[in-house]
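Chain and residue survey
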Amino acid sequence: GNSVTQMEGPVTLSEEAFLTINCTYTATGYPSLFWYVQYPGEGLQLLLKATKADDKGSNKGFEATYRKETTSFHLEKGSVQVSDSAVYFCALSAPAPNSGAGSYQLTFGKGTKLSVIP
Amino acid sequence: KAGVTQTPRYLIKTRGQQVTLSCSPISGHRSVSWYQQTPGQGLQFLFEYFSETQRNKGNFPGRFSGRQFSNSRSEMNVSTLELGDSALYLCASSLDTGQGPETQYFGPGTRLLVL
């Protein structure tokens, strides 16, 4: 089946430090890949996405490149801020097994809690 | 355009009771999915609805059910609540044009506490 593995943390960084959160996946076919962010007490917000190999998703200074050869989608940011403190989830969307046509299911990693200190 | 809304935001129930959660998708979105989030199990897929039909179902007992209405709004129901059902329940909607996997947009969630 499909699966996503990401570093679980927690990760604590000083402001302006470089961030990398590793994410690798296992899937049949060609999934779309996502990073979602969850702030305390809130739902998930889409951070960025990539739909095919070598695509780079970017948003708010965060970047991730869809690497099919290494089945990875690592999240990076050059200079983190205190406001980036949150839980980050890597996810893939692929056809749902044994389901109706056109159904796609998100599979999530376990999340990485990031704390940025001033 | 308004985002995904979920009601209620917080709920406290006792074991054995049943509960209904509501989700209104983004206008124009036709697919609604539900997820359960717990500290131990993380984010787990419950089910997906499209055109008032359940199109996909995760590995949860039959106590968990849902439905979708003609305006794409969705409800999920949990009967005979157990302590382990305490979780954040998230609803997500997507446009679903049939052109492949699409972005799912999440609501703020309903936090259920079972005592």
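Residues numbered from 1 in each chain as written. Chains lettered and ligands numbered in written order. Predicted model: local features only at pLDDT ≥ 70, side-chain atom pairs only at ≥ 80, totals over all residues. Heavy atoms only, no water.

**A few points about the overall build of chain A**
For chain A, the helix and strand inventory stands at zero helices and twelve strands. Listed N to C, the secondary structure of chain A is β-β-β-β-β-β-β-β-β-β-β-β in terms of helices and strands. In terms of overall dimensions, chain A is globule-like: its C-alpha atoms have a radius of gyration of 14 Å, near the 13 Å expected for 118 residues. Put simply, chain A has 118 residues, and 43% of those count as buried. When contacts within chain A are restricted to residue pairs at least 6 apart in sequence, long-range pairs at least 24 apart make up 57% of them. Computing the positive centroid from 9 side-chain charges and the negative centroid from 10, chain A places the two 6 Å apart. (Helix = DSSP H or I, 4+ residues; strand = E, 2+ residues; numbered from the N terminus. Rg over C-alpha atoms; globule rule 2.2 N^0.38 Å. Buried < 20%, exposed > 50% of the residue type's maximum accessible area, 1.4 Å probe, protein only. Contact = heavy atoms within 4.5 Å. Lys, Arg positive; Asp, Glu negative; His and termini not counted. Charge placed at Lys NZ, Arg CZ, Asp CG, Glu CD.)

**A closer look at the overall build of chain B**
Helix and strand counts for chain B come out as zero helices and eleven strands. Across chain B, helices and strands are ordered from the amino to the carboxyl terminus as β-β-β-β-β-β-β-β-β-β-β. Relative to the 2.2 N^0.38 estimate, which gives 13 Å for 115 residues, the radius of gyration of chain B is 14 Å and therefore close to what a compact globule would have. Its C-alpha atoms give chain B principal-axis dimensions of about 40 × 25 × 25 Å.

**Description of the sheet that holds strand β7 (residues 56-59) of chain A**
Residues and elements named next belong to chain A. Taken in spatial order, the four strands line up as β3-β9-β8-β7 in an open sheet, and their pairing is antiparallel. The outermost strands of the open sheet, each flanked by one partner alone, are β3 (19-21) and β7. Across this sheet, the average inter-strand angle for adjacent strands is 15°, counted without regard to direction. With three bridges joining them, strand β8 (residues 62-65) and strand β9 (residues 75-77) adopt antiparallel strand pairing. Bridge pairing in β9 places Phe62 opposite Lys77. (Pairing = 2+ DSSP bridges. Axes fitted to C-alpha atoms, helices over the stretch in contact; angles between N-to-C directions.)

**Some remarks on the nonpolar core**
Side chains that are nonpolar tend, in soluble globular proteins, to be buried together. Within the largest apolar cluster, 26 residues are counted, with the highest numbers of intra-cluster contacts made by Trp35, Leu48, Phe73, Leu75 and Tyr88 of chain A. Going through the elements one at a time, β2 (11-14), β3, β4 (23-26), β5 (32-38), β6 (44-50), β8, β10 (86-95) and β12 (112-117) of chain A are the ones with two or more residues in this core. With five residues, β10 of chain A is the largest single contributor of residues to this core. In this structure, Val32, Phe47, Tyr49 and Phe60 of chain B belong to the second largest nonpolar core, which totals 21 residues. (Core = buried A, V, L, I, M, F, W, Y, C linked by side-chain atoms within 4.5 Å.)

**Focus: the packing of aromatic side chains**
The final tally for this structure, using the stated rule, is twelve aromatic pairs over all chains. Seen from their ring centres, Phe89 of chain A and Phe108 of chain A are 6.3 Å apart, and the 85° between their planes marks the pair as edge-to-face. With Phe89 of chain A in strand β10 and Phe108 of chain A in strand β11 (residues 104-108), this pair connects stretches of sequence that are 19 residues apart. For the residue pair Phe89 of chain A and Phe108 of chain A, the accessibility class agrees, reading buried in each case. Measuring from ring centre to ring centre gives 5.7 Å for Phe108 of chain A and Tyr35 of chain B, while their planes differ by 90°; the resulting arrangement is edge-to-face. Here the residue Phe108 of chain A occupies a position in strand β11, and Tyr35 of chain B occupies one in strand β4 (residues 31-38), the pair thus bridging two chains. (Phe/Tyr/Trp six-rings, centres within 6.5 Å; stacked < 30°, edge-to-face > 60°.)

**Regarding the sheet that holds strand β8 (residues 74-78) of chain B**
All names here are of chain B. Taken together, the four strands give an open sheet; going across it, the order is β1-β3-β8-β7, and neighbouring strands pair in antiparallel fashion. If you trace the sheet from one side to the other, it starts and ends with β1 (5-7) and β7 (64-68), each paired once. With direction set aside, neighbouring strand axes in the sheet form an average angle of 20°. When strand β3 (residues 19-24) meets β8, the two strands line up antiparallel, connected through five bridges. By the bridge assignment, Thr20 is partnered in β8 with Asn77.

**A look at the interface of chain B and chain A**
Facing 21 residues of chain B, the contacting portion of chain A comprises 24 residues. Where chain B touches chain A, the interface holds zero salt bridges. Between chain B and chain A we count four residue pairs in polar contact (both at pLDDT 80 or more) in total. The set of elements that each furnish at least two residues to the side of chain B that touches chain A consists of β4, β5 (42-50), β6 (53-57), β9 (87-94) and β10 (105-106) of chain B. (Salt bridge = Lys/Arg side-chain N within 4 Å of Asp/Glu carboxyl O. Polar contact = N/O pair within 3.5 Å; in protein donor to acceptor, adjacent residues only side chain to side chain.)

These values are about where atoms sit, not about what they do.
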